[in-house]
Amino acid sequence: RPSPRGRRTSGGQKGMPLRSRTRVLPTFLLVTLRIAHSAPSEASGGNPFNINSSVLRAAFAPTQRSVSSNPLTPALTKDHAGKPKLRSPIPVGRGLTTPGVLRTPLSSSASATTPDPPLPAGNKPGDLQSFEEKHLWLEEVEGKEALAWVEDRNRDALGFVGDPKKDPLHDRLLSIYESKDKIPYASKIGGMYYNFWTDEKNIRGLWRRTTLESYKSKEPKWETVIDLDALGKEEGESWVWKGCTVLREGDGSDPDRVLMSLSRGGSDAAVVREFDLASKTFVPASEGGFELPEGKSDVSWQSRDVVIVGADFGEGSLTSSGYPRVVKEWKRGTPLSEAYGAFEGVTGDVAVSGYVSRHGGVELEWRSRSVTFYTSKSWLRDLPKRGEKGGKFLEVPVPDHSSVSPFSDKLLISLREDWEAGGTTYPAGSLLSCDREELMVKGGKAGLT
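Residues numbered from 1 in each chain as written. Predicted model: local features only at pLDDT ≥ 70, side-chain atom pairs only at ≥ 80, totals over all residues. Heavy atoms only, no water.

A. Molecular detail of the overall build of the chain. Within the chain, the secondary structure is distributed over 10 helices and 24 strands. The burial tally for the chain puts 42% of its 449 residues in the buried class. By sequence separation, contacts in the chain at least 24 residues apart represent 47% of the contacts at least 6 residues apart. Of the roughly 24,200 Å² of accessible surface on the chain, 52% is carried by carbon and sulfur atoms. (Helix = DSSP H or I, 4+ residues; strand = E, 2+ residues; numbered from the N terminus. Buried < 20%, exposed > 50% of the residue type's maximum accessible area, 1.4 Å probe, protein only. Contact = heavy atoms within 4.5 Å. Areas by Shrake-Rupley, 256 points an atom, 1.4 Å probe, with all protein chains shown as cover.)

Structure below.
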């Protein structure tokens, strides 16, 4: 499941539908299986997929597949030549294909050599309801049954491909990932440079900071801001870093607050907690700190006391992809249920988000609908002054296949497809610049460079 482009997401409140989430690995295997069946043999002129077909045939032999008693359980068997192959865990065809699985064979020969296996007991063609009801326990991603199922599948996979830890390449790659010689990339926040660091001693990681002078030295002196391993131990959680959103007030002062996103065990869902950079502590909700429960939230600062938040506000507030469909403004010290100023997308969108941009003295507030993974619509207005009511959001008149970003009093437009504007065709891949106010009034007739 892709994250909407151009925004930082922090996890999932409601998971994928069962058929999408629990079948990711089987879907991939079935697609590979179909390719193996349809690829011409070396005797007939080679492999157009540039794949070692003998390896494919060894792993996915083109013989009739059988279905185990549990249709979701992959199993290993052997073909007529005694070579190992994977039994298909999910029936293909007859209305039972899952998202991403080919509905028809890639060639007629595939259909001849791989007939569709029988439907699971109790199902009719095109009907998955009773089949899914029997496996709803897989929706409990941390449940004992679901975890045991995953462990069984891992055991099968390791038995089939071998333990990667026994391969010399494993140790080589691990030493690279854990090397203290890797570059500690840093982000500037105020007068300090921040870096998130993991190694063999800090598995979950350290968020740390240093000065520019120290950063340029051979051995920088780092100050730990937060230790996720220690925090997890203290709170009894397996926290995983998901990034943070910095409060930048645009008045030249050093930022002192962030909204920190942490997920449990690296899951798609995350909690958001306000963090004080000066004291290196969380700001409790009882003291007015912003806190969002575990969910697929999108959050950004509008001002010190107001955040722009997309979250699960109740029925109908999420898109069909499970991301926020509604964005509101949430004032410090009030419950989330009292957030106001809703901006809404449609259920079929990927996600809706809101944020503030500050560049070259120009402050803008944005709302965005990720209509698909590659198309979006944006609206903007001048950032309202503290205590003032904001104006109306106006749609940015650019193609849905483009992305737009602010640069002082201009807007930069990046094209994914050709755009004909003002009698000129700008090819896909172009980066255009235009005066913001002129573009908002004239659209494609504005002066583009």
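B. Up close: the sheet that holds strand S19 (residues 394–395). An order of S16-S17-S18-S19 is seen for the four strands of this open sheet, with the pairing classed as antiparallel. Of all the strands in the sheet, the pair left with one neighbour each is strand S16 (351–359) and S19. Pairing of strand S17 (residues 362–370) with strand S18 (residues 376–382), which is carried by seven bridges, proceeds in the antiparallel orientation. When the sheet's bridge partners are listed, Ser 368 is paired in S18 with Ser 378. (Pairing = 2+ DSSP bridges.)

C. How the structure looks around the pairing of strand S9 (residues 270–276). Among the seven residues of S9, seven are classified as buried, and the element is accordingly described as predominantly covered. Neither face of S9 is left uncovered, since the one carrying Ala 270, Val 272, Glu 274 and Asp 276 and the one carrying Val 271, Arg 273 and Phe 275 both have all their residues buried. Looking at chain direction, strand S8 (residues 257–264) and S9 are connected through six bridges and run antiparallel. Bridging from a neighbouring strand, Ser 261 pairs with Val 272 of S9.

D. Main features of helix H6 (residues 144–161). Here H6 is 18 residues long and its end C-alpha atoms lie 26 Å apart, about the 26 Å a rise of 1.5 Å per residue gives. Every buried residue of H6 is accounted for by Ala 146, Trp 149 and Arg 153. All buried residues of H6 lie within an arc of 60 degrees about the axis, which places them on one face of the element. Facing away from the buried side of H6, by more than 90 degrees, are the exposed residues Lys 144, Arg 155 and Gly 159. Where H6 ends, the next residue or the one after it, Gly 162, has phi of about 95 degrees, a positive value. (Expected span 1.5 Å × (residues − 1). Arc of directions from axis to C-beta.)

E. Geometry of the confidence of the model for the chain. For the chain, the average pLDDT comes to 78, and 71% of its residues sit at 70 or higher. Counting contacts from residues 1–80, a segment whose pLDDT is below 50, to residues more than four positions away or on other chains yields 208 contacts. For residues 83–117, every residue scores under 50 in pLDDT, and the model assigns this stretch 105 contacts once sequence neighbours within four places are set aside. (pLDDT = per-residue confidence, 0-100.)

F. Highlighting the sheet that holds strand S3 (residues 187–189). Strand order in the open sheet made by the four strands is S3-S4-S5-S6, with antiparallel pairing throughout. Looking along the sheet, the strands with just one partner apiece sit at the ends: S3 and strand S6 (223–227). Ignoring strand direction, the axes of neighbouring strands in this sheet form an average angle of 30 degrees. Strands strand S4 (192–197) and S6 of the sheet are contacted by helix H9 (residues 228–235), whose axis makes an angle of about 35 degrees with S6. (Axes fitted to C-alpha atoms, helices over the stretch in contact; angles between N-to-C directions.)

G. Local environment of the pattern of salt bridges. The final tally for this structure, using the stated rule, is 24 salt bridges. The partner of Glu 200 in a salt bridge is Lys 180, and the shortest N-O contact between them spans 2.9 Å. Linking Glu 200 in the loop between S4 and strand S5 (206–210) with Lys 180 in the loop between helix H7 (168–177) and S3, this pair joins segments that are 20 residues apart in sequence. (Salt bridge = Lys/Arg side-chain N within 4 Å of Asp/Glu carboxyl O.)

H. Up close: the environment of Trp 239. Assignment of secondary structure puts Trp 239 in strand S7 (residues 239–246). Sequence-wise, Trp 239 and Asp 229 are 10 residues apart; in three dimensions their C-alpha atoms are separated by 7.6 Å. Here Trp 239 is in contact with Arg 204, Leu 228, Leu 231, Gly 232, Leu 262, Ser 263, Arg 264, Val 271 and Arg 273, once residues within four sequence places are set aside. For Trp 239, the side chain forms a polar contact with the side chain of Glu 235, separated by 2.8 Å. (Polar contact = N/O pair within 3.5 Å; in protein donor to acceptor, adjacent residues only side chain to side chain.)

I. Representation of the pairing of S4 in the model. For S3 and S4, the ladder comprises three bridges, and the chain directions are antiparallel. Residue pairing in the sheet places Ile 189 in a bridge with Met 192 of S4. Turn length for the S3-S4 hairpin, with the two strands adjacent in sequence and antiparallel, is two residues, and the turn residue Gly 190 shows positive phi of about 65 degrees.

J. Region of the structure containing the environment of Ala 146. Relative to the helices and strands, Ala 146 is located in helix H6. In the structure, Ala 146 is positioned 11 residues away from His 135 in sequence and 9.6 Å away in space, judged by C-alpha atoms. If sequence neighbours within four positions are ignored, Ala 146 has contacts with Trp 137, Leu 138 and Glu 140.

K. Fine view of the side chain of Asn 195. Along the polypeptide, Asn 195 turns up in strand S4. For Asn 195, a relative accessible area of 3% translates into the label buried. At 2.7 Å, the side chain of Asn 195 and the backbone oxygen of Tyr 185 are in polar contact. The contact partners of Asn 195, leaving out residues within four places of it in the chain, are Pro 184, Tyr 185, Leu 206, Trp 207, Arg 208 and Trp 222.

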